[in-house]
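Chain by chain, the residues run as shown.
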Amino acid sequence: MFLYDYFAKLRRYLSWQTKKIQSLEQRLLLLEKQLIELQQQPRTTIERIEYKFDQLKVETLEGTLNIGITPNGVGNTIEDFAVQPEKTIVPKPEPVLFRTIQEKVHAYLEKEAKETLKRLEEQYALRLDDTYRHFILQDIARQVDERIHFYLQQKMNNGYVPASDNDKSVENEIFQKVKMDIEQSLDLFLKHLPKQGGEQ
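Basis of the calculations
- Residues numbered from 1 in each chain as written.
- Predicted model: local features only at pLDDT ≥ 70, side-chain atom pairs only at ≥ 80, totals over all residues.
- Heavy atoms only, no water.
- Helix = DSSP H or I, 4+ residues; strand = E, 2+ residues; numbered from the N terminus.
- Buried < 20%, exposed > 50% of the residue type's maximum accessible area, 1.4 Å probe, protein only.
- Salt bridge = Lys/Arg side-chain N within 4 Å of Asp/Glu carboxyl O.
- Expected span 1.5 Å × (residues − 1).
- Arc of directions from axis to C-beta.
- Contact = heavy atoms within 4.5 Å.

## Section: the environment of Lys118
Here comes step 1: Structurally, Lys118 is set in helix α3 (residues 112–123).
Here comes step 2: On the basis of relative accessible area, Lys118 is assigned to the partly exposed category, the value being 36%.
Here comes step 3: The spacing of Lys118 and Arg133 is 15 residues in sequence and 8.8 Å in space, taken between C-alpha atoms.

Structure (structure tokens):
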């Protein structure tokens, strides 16, 4: 009786083991089939990635490069530029003077500012591509009108009357202030960009 039970258990175990092996064989066949299908699909091989920043196209770049936050040097904050409530608000300066200064500043941005930017790149061991340089100067150009209005308003609050004999000197003075703001902004901006090769 003992021997009969032993062979019955052995037979059940062998039957279970056979079913298990058949199940594993079916799974193996399925996996081999899937592997063959994957191998037959076209593959993309990426051997090496090279970053060419001069060929990048910037779609959107968040943030603003502020010019002239400290036009007279260290210590001024943006709050210092707010018109004080007790001051009399004078009408805006004559549009002709504004346009003349605006044209001079835009001419500066088109020519001299590009050279200033390249000089600062050399000074800070940076190499910007033309697209990035254009973006920086374009961002500054969008803020120019506001700076010119600020300086004209400041002159008028100090008693300047537009269209008087000294318009040329006021024009040059404000142009120089805006130009200095731009150069300081470019310097600060490039000074804080990461150096090439990962140095900070």
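Still to come is the rest of the account.
## Overview of the pattern of salt bridges
Here comes step 1: Taken as a whole and assessed by the stated rule, the structure comprises 10 salt bridges.
Here comes step 2: A salt bridge links Lys179 to Glu112; the shortest N-O distance between them is 3.5 Å. Remark: Glu112 occurs in helix α3 and Lys179 occurs in helix α5 (residues 167–191); sequence separation between them is 67 residues.
Here comes step 3: The class for Lys179 is buried, based on a relative accessible area of 17%.
Here comes step 4: For Asp181, the salt bridge goes to Arg147, with nearest N and O atoms at 3.3 Å. With Asp181 in helix α5 and Arg147 in helix α4 (residues 130–157), this pair connects stretches of sequence that are 34 residues apart.
Here comes step 5: Judged by its relative accessible area of 7%, Arg147 falls in the buried class.
Here comes step 6: Taken together, the shared-partner salt bridges connect Lys104, Lys168 and Glu171 into one network.

## Side note on helix α2 (residues 95–110)
Here comes step 1: In a regular helix each residue adds 1.5 Å, so 16 residues correspond to 22 Å; α2 covers 22 Å between its end C-alpha atoms and thus fits that length.
Here comes step 2: The complete set of buried residues in α2 reads Leu97, Phe98, Ile101, Gln102, Val105, Tyr108 and Leu109. Buried residues of α2 fall within an arc of 130° about the axis and therefore sit on the same side. In this structure, α2 carries Glu103 and Glu110 as exposed residues pointing more than 90 degrees from its buried face.
Here comes step 3: Each element contacted by the buried residues of α2 is listed here: α3, α4 and α5.

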